[in-house]
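Residues per chain, in single letters:
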Amino acid sequence: EIPEFLVARYYLAFFNGDDAGMAREVARARGAHGVEDWMAHHQAVVLSRSGRMREARVLWQRAIDLTQQTGDLERAAIGWMHAKNVLRPAGNWKL
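What you see is a predicted model; the values in this text were computed from it and never measured.

Trainee: For the packing of aromatic side chains, give the residues involved together with the corresponding values.
Mentor: With the rule as written, the count across this model stands at three aromatic pairs. An angle of 55° between the planes, with centres 5.4 Å apart, marks the rings of Phe14 and Phe15 as tilted. Judged by relative accessible area, Phe15 falls into the exposed class, the value being 63%. An aromatic cluster is present here, built from Tyr10, Tyr11, Phe14 and Phe15 joined pairwise through their rings.

Spelled out as structure tokens, the structure:
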């Protein structure tokens, strides 16, 4: 499975209001090395855009933790900065 396709299908499902489609793509990414963290990040983006900041914060932390497990510290740092920049204005930015 190509990670970019999972994320693209996730966003297509989101834009179409297809919760089952979103869940399906998340399930496909689960357990996939270097993919699950990316999907968690995109789930957090969708949640934050929907005003669900606490849930977004939890998923961003999960994405960062998963990325750190892969040893890609640069990618983890980028994810942390993105999360911080989105969550700070909402007053809920501590990860």
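Structure's up, so let's keep going.
Trainee: Mind laying out the environment of Met22, listing which residues take part and the relevant values?
Mentor: Following the sequence through the fold, Met22 ends up in helix H2 (residues 19–29). Using a relative accessible area of 12% as the deciding quantity, one classes Met22 as buried. Put simply, Met22 and Arg9 are 13 residues apart on the chain and 7.7 Å apart in space, counted from C-alpha to C-alpha. Apart from the residues lying within four places of it in its own chain, the contact partners of Met22 are Tyr10, Ala13, Phe14 and Val46.

Trainee: Account for the packing of helix H3 (residues 36–49) against helix H4 (residues 53–70), naming residues and giving values.
Mentor: H4 packs onto H3 with a crossing angle of 165° between their chain directions and a minimal axis gap of 8 Å. The angle between H3 and H4 falls in the class roughly antiparallel. Two packed elements cross with a definite hand, and for H3 against H4 that hand is left-handed. Residues Glu36, Asp37, Ala40, His41, Gln43, Ala44, Val45, Leu47 and Ser48 of H3 touch H4, and the partners they reach there are Met53, Glu55, Ala56, Leu59, Trp60, Arg62, Ala63, Leu66 and Thr67. Here the contact of H3 with H4 is built from residues that sort into 10 nonpolar, four polar and four charged.

Trainee: Lay out the pattern of salt bridges in plain terms, naming residues and giving numbers.
Mentor: All told, the structure shown has four salt bridges when counted by the stated rule. Glu25 serves as the salt-bridge partner of Arg9, at 3.0 Å between the closest nitrogen and oxygen. A residue pair is termed long-range when its members are at least 10 positions apart, and Arg9 in helix H1 (residues 3–15) and Glu25 in helix H2 qualify at 16 residues. For Glu25, the salt bridge is made with Arg28, and the minimal N-O distance between the two is 2.7 Å. In this pair, Glu25 and Arg28 both sit in helix H2, three residues apart, roughly one turn of the helix. Via salt bridges that share partners, Arg9, Glu25 and Arg28 belong to a single interconnected network.

So, how was this worked out
Residues numbered from 1 in each chain as written. Predicted model: local features only at pLDDT ≥ 70, side-chain atom pairs only at ≥ 80, totals over all residues. Heavy atoms only, no water. Phe/Tyr/Trp six-rings, centres within 6.5 Å; stacked < 30°, edge-to-face > 60°. Buried < 20%, exposed > 50% of the residue type's maximum accessible area, 1.4 Å probe, protein only. Helix = DSSP H or I, 4+ residues; strand = E, 2+ residues; numbered from the N terminus. Contact = heavy atoms within 4.5 Å. Axes fitted to C-alpha atoms, helices over the stretch in contact; angles between N-to-C directions. Parallel < 35°, antiparallel > 145°, perpendicular 65-115°, else oblique. Left-handed = near helix turned anticlockwise from the far one by under 90°. Nonpolar A, V, L, I, M, F, W, Y, C, P; charged D, E, K, R; others polar. Salt bridge = Lys/Arg side-chain N within 4 Å of Asp/Glu carboxyl O.

Spatial relationships are all this shows, so hold off on functional conclusions.
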